[in-house]
Amino acid sequence: MKKLKRLDEYQEEIAQCVKCGACRAHCPAFGAEKHEGRVARGKIALADALLKGEVDLEDKFLLDMSQCLLCGSCCAQCPNNVPTDEIVAATRREIARRRGLSTFAKGVAGILSRPELMNLLAKSGGKLSTLLFKKLPQSSGLRLRFPAPFISADRTLPSLASTPFRERYPEKIAGAAGRPTVAFFTGCGINYMYPEVGVALLKALQFIGVTVVIPAGQGCCGLPAVSAGAGEVVEQLAEQNLKALTATPVDCIVTACASCHAGLGKVYQDFGAEFAPLTANVKDIFVFLVEQGLVEKLAALPKAAKRMKVTYHDPCHLRTQGITKEPRAILKALPQVDYVEMEDAGTCCGLGGTYSVYHYDTAKKIGAKKAGFIEESGAALVATDCPGCIMQLQDAVNHAGQQQRAVHILSLLMEALEEVREDK
């Protein structure tokens, strides 16, 4: 297994940055803070200076390097295709190599590298949720009753599942003969915070007769560890997931989380040919459902008498991979949905994995802009394809004092399929 690339292996890509500034218009952190150190070309210059020994790891350098959501928005617009997200991640690993992980990064790495501990913490949190969380009046989500490290007291959070999703189902759920078999990579968000999204995914796949394998040995995709600069943890999790996801022959591996899709489908490409059977086989759930003809099946259903106005938020990790049409195709075909497009649906919501924990004030500014677009759309619901985005969008909507709910498209799809079952 190859290792993640070191910063000095990106020298050619760093040299391709001509400091044109095209990235400024597309960087959510720069849009919120208007500071050159926040934008991609500034970070490329800092990475170059670090390699040349022209800067030390002083506090300002560390702050600028931490101010990146790794959303890839700048890369998608860069005329020279400079992979700034990869270079920033490699710089964070270089920082960790020289001076060790930060306290926050140690916490992230410690939990992600010990699945049993993560499971225990999540289940304990779920069982104590009424003690740990308080309900928000007239809005969705919960807030912590007591101070917690690195988590702001005014942050809206989902409750934790007392029984994680993967402990609720057998490892294989048989479908119809002659239909595809898929492996479901749940990710941490669905397993511990939004198990109902996993239930909805199973309903959708059962509706079209697909056999589902839920590998018990899977772990976190590793993207939070990428953000934290914990390269060894990313490599450990990749090996774990390679073993779990290739143990049973399947037609493809489906995800319902944009971050997990990027983790398995993009980050794991750096680990070499050994991972090719995995990375080439990863599909977003809506890409798979469109391929299986679900849009046509939904479009054939009678329209509901009462319909909801729904808009869509593009998760960065799908948008930058070109996956924008399929989630909208499913949404538009749902009988209970009146779809409306919001302005700048593809701008970042401000989550950025661990970024929104470490830089919550900036994340709120980014989220406030998105909340304004949601309000202007007139939609009652904002649907998306990523549990992390759901959490951030709901937090932004609540801070704006708005009434919209953030939901996964799969939850709306399950509602439509349940209507079909009741009508039979």
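Being a predicted model, the structure only gives us computed values, none of them experimental.

*Asks:* Got a minute to help me understand helix α6 (residues 84-99) in this structure?
*Replies:* A turn of α-helix holds 3.6 residues, and therefore any two residues three or four places apart point the same way. End to end, α6 covers 22 Å across 16 residues, agreeing with the expected 22 Å (1.5 Å per residue, within 8%). Within α6, 12 of the 16 residues are buried, leaving the element largely enclosed by the surrounding structure. On its buried face, α6 is in contact with α1 (11-15), α3 (40-51), α4 (59-66), α5 (73-77), α12 (223-228) and α13 (231-245). A positive phi of about 85° marks Gly100, the residue just after α6.

*Asks:* What should I look at first to understand the pairing of strand β4 (residues 181-185) in this one?
*Replies:* Along any regular strand the residues' side chains alternate between the sheet's two faces. Burial within β4 is extensive, with four of its five residues counted as buried. Here three bridges tie β4 to strand β5 (residues 211-213), and the two strands are oriented parallel to one another. Counterpart to Ala183 in the pairing with β5 is Val213.

*Asks:* Before we go on, may I ask you to explain the packing of helix α21 (residues 360-377) against helix α22 (residues 387-399) in this structure?
*Replies:* A pair of packed helices is captured by two measures, namely the crossing angle of their axes and the spacing between those axes. Two elements in contact, α21 and α22, have axes separated by 8 Å at closest approach and are oriented at 80°. Viewed along their axes, α21 and α22 adopt a mutual orientation that is roughly perpendicular. Contacts between α21 and α22 pair Tyr360, Ala363, Lys364, Gly367, Ala368, Lys370, Ala371 and Ile374 from the former with Gln392, Leu393, Asp395, Ala396, Val397 and His399 from the latter. Its residues placed into classes, the contact of α21 with α22 shows eight nonpolar, three polar and three charged.

*Asks:* Explain the pairing of strand β8 (residues 308-312) here, please?
*Replies:* In the sheet, β8 pairs with strand β9 (residues 337-339) via three bridges, with the strands oriented parallel. The partner of Lys309 across the bridge, within β9, is Asp338. Here β8 pairs with strand β10 (residues 381-384) via three bridges, running parallel. Paired with Val310 across the bridge in β10 is Leu381.

*Asks:* Would you take a moment to explain the pattern of salt bridges for this structure?
*Replies:* Here the idea is simple: oppositely charged side chains can pair when their charged atoms come close. Applying the stated criterion across every chain, the model contains 17 salt bridges. A salt bridge links Lys365 to Glu33, with the nearest nitrogen and oxygen atoms 3.5 Å apart. Taken together, the positions of Lys365 in helix α21 and Glu33 in helix α2 (residues 28-33) put the pair 332 residues apart, joining distant regions of the chain. When its relative accessible area of 25% is taken as the criterion, Glu33 is described as partly exposed. Between Lys364 and Asp361 there is a salt bridge; the shortest N-O distance is 4.0 Å. Placement of both Lys364 and Asp361 in helix α21 is noted, with a separation of three residues, approximately one turn of the helix. Sharing partners across several salt bridges, the network here consists of Arg6, Asp8 and Glu9.

*Asks:* Help me understand the packing of α3 against α4 in this model?
*Replies:* Across the interface, α3 lies against α4 with an axial gap of 10 Å and an inter-helix angle of 135°. Of the possible angle classes, the one that applies to α3 and α4 is oblique. As for how α3 packs across α4, the hand of that crossing is left-handed. Of the residues in α4, those in contact with Lys43, Leu46, Ala47 and Leu50 of α3 are Phe61, Asp64 and Met65.

*Asks:* What exactly am I supposed to notice about the packing of aromatic side chains here?
*Replies:* The geometry of an aromatic ring pair is captured by the separation of the ring centres together with the interplanar angle, meaning the angle of the planes. Tallying each qualifying case throughout the model produces six aromatic pairs. Ring centres of Tyr268 and Phe271 lie 5.9 Å apart, and the angle between their planes is 55°; this geometry places the pair in the tilted category. Each member of the pair, Tyr268 as well as Phe271, is classed as buried. Ring plane angle 75° and centroid distance 5.8 Å describe the contact between Tyr268 and Phe275, whose orientation is recorded as edge-to-face.

*Asks:* Teacher, can you tell me more about the sheet that holds β8 here?
*Replies:* In any sheet, the strands associate via hydrogen bonds between backbone groups, in a parallel or an antiparallel arrangement. Overall, parallel pairing links the four strands, which are arranged β9-β8-β10-β11 in an open sheet. Each edge of the sheet is formed by a strand with only one pairing partner; in this case those strands are β9 and β11 (405-408). Looking at each pair of strands side by side, their axes are set apart by 40° on average, direction ignored. Across the sheet, helix α19 (residues 325-333) lies against β8, β9 and β10, angled at about 180° from β8, the strand it touches most.

*Asks:* How do you make sense of helix α8 (residues 115-127) when you look at a structure like this?
*Replies:* An ideal rise of 1.5 Å per residue puts 18 Å on 13 residues; α8 measures up with 18 Å between its terminal C-alpha atoms. What α8 keeps buried is the set Met118, Asn119, Ala122, Gly125 and Gly126. Seen along its axis, α8 keeps its buried residues to an arc of 140°; they face one direction. For α8, the exposed residues set more than 90 degrees away from the buried face come down to Glu116, Leu120 and Lys127.

*Asks:* What's the story with the environment of Leu413 in this structure? I'm lost.
*Replies:* Along the polypeptide, Leu413 turns up in helix α23 (residues 409-423). Each residue touching Leu413, except ones within four places of it in the same chain, is listed here: Ala204, Leu289, Leu294, Leu298 and Leu334.

*Asks:* Can you help me understand the sheet that holds strand β3 (residues 172-173) in this one?
*Replies:* Across the sheet, five strands lie side by side as β3-β5-β4-β6-β7; this open sheet has mixed pairing. Where the open sheet ends on each side, the last strands, each with one partner, are β3 and β7 (282-284). Taken together, the two bridges between β3 and β5 define a ladder with antiparallel strand orientation. Pairing of Ile173 across the sheet is with Val212, part of β5.

*Asks:* How should I be thinking about the side chain of His359 in this particular structure?
*Replies:* You can see His359 is positioned in the loop between α20 (355-358) and α21. Here Gln67 takes part through its side chain, which lies 3.4 Å from a polar atom of the side chain of His359. Not counting the four nearest positions on each side in its chain, His359 is found in contact with Leu63, Ser66 and Gln67.

Each value, and the rule that gives it
Residues numbered from 1 in each chain as written. Predicted model: local features only at pLDDT ≥ 70, side-chain atom pairs only at ≥ 80, totals over all residues. Heavy atoms only, no water. Helix = DSSP H or I, 4+ residues; strand = E, 2+ residues; numbered from the N terminus. Expected span 1.5 Å × (residues − 1). Buried < 20%, exposed > 50% of the residue type's maximum accessible area, 1.4 Å probe, protein only. Contact = heavy atoms within 4.5 Å. Pairing = 2+ DSSP bridges. Axes fitted to C-alpha atoms, helices over the stretch in contact; angles between N-to-C directions. Parallel < 35°, antiparallel > 145°, perpendicular 65-115°, else oblique. Nonpolar A, V, L, I, M, F, W, Y, C, P; charged D, E, K, R; others polar. Salt bridge = Lys/Arg side-chain N within 4 Å of Asp/Glu carboxyl O. Left-handed = near helix turned anticlockwise from the far one by under 90°. Phe/Tyr/Trp six-rings, centres within 6.5 Å; stacked < 30°, edge-to-face > 60°. Arc of directions from axis to C-beta. Polar contact = N/O pair within 3.5 Å; in protein donor to acceptor, adjacent residues only side chain to side chain.

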